[in-house]
Amino acid sequence: MNLDVAVLVVAKAPVPGFAKTRLARDVGDARAADLAAASLLDTLDAVTGAGVAQRVVAMTGDLGRAVRGTDIASALDCFTVLPQRGENFAARLVNAHADTFDAFGLPILQIGMDTPQVTAVLLAESADLLTERRGRCVLGLAEDGGWWILGVPDAVATEAIGSVPTSSSDTGRLTREALLAAGAEVLSLPTLRDVDYATDVAPVAALCPESSHFRREYLSTTGG
């Protein structure tokens, strides 16, 4: 039985020089794109296996120029793909939630493409907690102070975080405070480490199963 949730992945096509620019400063554009592609593929696999009613990707960038673009396009066959729209990331996030809710009218569980260690089980458990109580939000913080997952009952709830600065060490805290100020109940989900810098790659890869795209991509250049 499918959980009555739409899982929304907000993603960048892993084009060298376009995706994972902070990581690229440490490892170069090509390597960052390789890791981004692997992370996105693992994320899509987890969502596919989570047993949710709808799977959505809000994508920006040219998948035709992306690393492993053919593999990603194949994985997207069971997703509804929407274009991102908005002048900045916060606007694109709010609009992606609005477009997803307009299309399906379901609670939304949103993640990015920076946590390849995420499992289908964790996503299903998160979706179950989101829908357990009417009007509930769920939020999972990242170790760097951001967040890796946000669940909302509808797109209106997401509007509350439209003014929260992104990619900041207090983004997670401010997101939680904005949701609470809007009157939402906010349930905390597990804190995870996301991949933003070279120092994140090995620890996150160690959390991934041997079969994961990200772990294999990491090991391909380490001789592991």
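Analysis parameters
- Residues numbered from 1 in each chain as written.
- Predicted model: local features only at pLDDT ≥ 70, side-chain atom pairs only at ≥ 80, totals over all residues.
- Heavy atoms only, no water.
- Helix = DSSP H or I, 4+ residues; strand = E, 2+ residues; numbered from the N terminus.
- Rg over C-alpha atoms; globule rule 2.2 N^0.38 Å.
- Buried < 20%, exposed > 50% of the residue type's maximum accessible area, 1.4 Å probe, protein only.
- Contact = heavy atoms within 4.5 Å.
- Areas by Shrake-Rupley, 256 points an atom, 1.4 Å probe, with all protein chains shown as cover.
- Lys, Arg positive; Asp, Glu negative; His and termini not counted.
- Charge placed at Lys NZ, Arg CZ, Asp CG, Glu CD.
- Arc of directions from axis to C-beta.
- Phe/Tyr/Trp six-rings, centres within 6.5 Å; stacked < 30°, edge-to-face > 60°.
- Lys NZ or Arg CZ within 6 Å of the ring centre and 35° of its normal.
- Polar contact = N/O pair within 3.5 Å; in protein donor to acceptor, adjacent residues only side chain to side chain.

### So, the overall build of the protein
Phase 1 of the analysis: What the protein contains, in helices and strands, is 9 helices and 7 strands.
Phase 2 of the analysis: Relative to a compact globule of 224 residues, whose C-alpha radius of gyration would be 17 Å, the protein shows 16 Å and is just as compact.
Phase 3 of the analysis: Overall, the protein is about 50 × 35 × 30 Å in size when its C-alpha atoms are taken along their principal axes.
Phase 4 of the analysis: When each of the 224 residues of the protein is scored for burial, the buried share is 48%.
Phase 5 of the analysis: For the protein, the proportion of contacts with a sequence separation of at least 24, taken over those separated by at least 6, is 69%.
Phase 6 of the analysis: When the accessible area of the protein is evaluated, it comes to approximately 9900 Å², of which 50% is carbon and sulfur surface.
Phase 7 of the analysis: Here the protein contributes 18 positive and 28 negative side-chain charges, whose respective centroids are spaced 2 Å apart.

### Focus on helix α8 (residues 198-207)
Phase 1 of the analysis: Residues D200, V201, V204 and A205 constitute the buried set of α8. Viewed along the axis of α8, the buried residues span an arc of 125 degrees, placing them on a single side of the element. Turned more than 90 degrees away from the buried face of α8 sit T199 and A206, all of them exposed.
Phase 2 of the analysis: Buried residues along α8 sit against α1 (21-27), α2 (29-48) and α9 (213-220).

### Looking at the packing of aromatic side chains
Phase 1 of the analysis: Evaluation of the coordinates by the stated rule reveals 0 aromatic pairs.
Phase 2 of the analysis: Here K12 stacks its cationic end above the ring of F18, 4.9 Å away from the centre of that ring.

### Describing the side chain of R136
Phase 1 of the analysis: Position of R136 relative to the elements: it lies in strand β5 (residues 136-142).
Phase 2 of the analysis: Polar contacts involving the side chain of R136 include one to the main-chain carbonyl oxygen of L129, which spans 3.0 Å.
Phase 3 of the analysis: In terms of polar contacts, R136 uses its side chain to reach the side chain of E185, at 3.2 Å.

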